[in-house]
Amino acid sequence: MKKVLLMAIAFCVAFVANAQDVPYSKYLSFNKQEFKGSRFKYDDETNTWSLNKTNSLNVTLNILCIIADAEEEIRPATNDYSIVVQMGRDEHAA
């Protein structure tokens with residue numbers, strides 16, 4: 001029983017370690033030109049490249065609900081995302 005439990009724990013640890021590279025690991029090898037080409041925006045203060053996508057129609061409807069004191073639950077759209085890559089020493093992604 002101990003061997004089975006040990007193998008299960010080892011499998012879980014290996015799975016979690018490999019899952020850290022999915023799905024945005026390709027951005028860790030980008031340089032400045034590739035970030036600019038992918039429409040990322042650079043922030044000098046935090047030394048980060050960021051890319052945000054929001055559904056503007058959903059944001060507008062949420063704001064109108066707030067103004068009208070609607071009881072509706074306000075949530076982001078399912079396709080909204082934000083990717084932030086912080087740069088470390090020697091301009092390598094950290």
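Basis of the calculations
Residues numbered from 1 in each chain as written. Predicted model: local features only at pLDDT ≥ 70, side-chain atom pairs only at ≥ 80, totals over all residues. Heavy atoms only, no water. Helix = DSSP H or I, 4+ residues; strand = E, 2+ residues; numbered from the N terminus. Buried < 20%, exposed > 50% of the residue type's maximum accessible area, 1.4 Å probe, protein only. Contact = heavy atoms within 4.5 Å. Areas by Shrake-Rupley, 256 points an atom, 1.4 Å probe, with all protein chains shown as cover. Expected span 1.5 Å × (residues − 1). Polar contact = N/O pair within 3.5 Å; in protein donor to acceptor, adjacent residues only side chain to side chain. Patch = residues over 30% accessible without salt bridge, like charges linked within 9 Å, V, L, I, M, F, W, Y side chains within 5 Å. Salt bridge = Lys/Arg side-chain N within 4 Å of Asp/Glu carboxyl O.

Asks: Please provide a residue-by-residue account of the overall build of the protein chain, values included.
Replies: Broken down by element type, the protein chain carries 3 helices and 3 strands. Ordered by position in the sequence, the α and β elements of the protein chain form the string α-α-β-β-α-β. Counting the 94 residues in the protein chain, one finds 14% classified as buried. For the protein chain, long-range pairs separated by at least 24 residues make up 53% of all intrachain contacts whose partners lie at least 6 apart in sequence. Summed over its atoms, the accessible surface of the protein chain is roughly 8200 Å², and 58% of this surface lies on carbon and sulfur atoms.

Asks: Describe helix α3 (residues 56-67), with residues and values.
Replies: The terminal C-alpha atoms of α3 lie 16 Å apart, and with 12 residues this matches the ideal 16 Å at 1.5 Å per residue to within 8%. Two to three positions downstream of the cap, the backbone nitrogen of L57 sits 3.2 Å from a side-chain oxygen, assigning the N-cap of α3 to N55. Downstream of α3 by one or two residues, D69 has phi in the positive range, about 55°.

Asks: Would you mind going over a nonpolar patch on the surface in detail, with residue names and values included?
Replies: There is a patch of nonpolar side chains on the surface, built from L57, V59, L61, I63, L64 and I67 and spanning about 580 Å² of accessible area. Mapped onto the secondary structure, I63 falls in helix α3. A relative accessible area of 45% means that I63 is categorised as partly exposed.

Remember that the coordinates give geometry; whether it matters functionally is a separate question.
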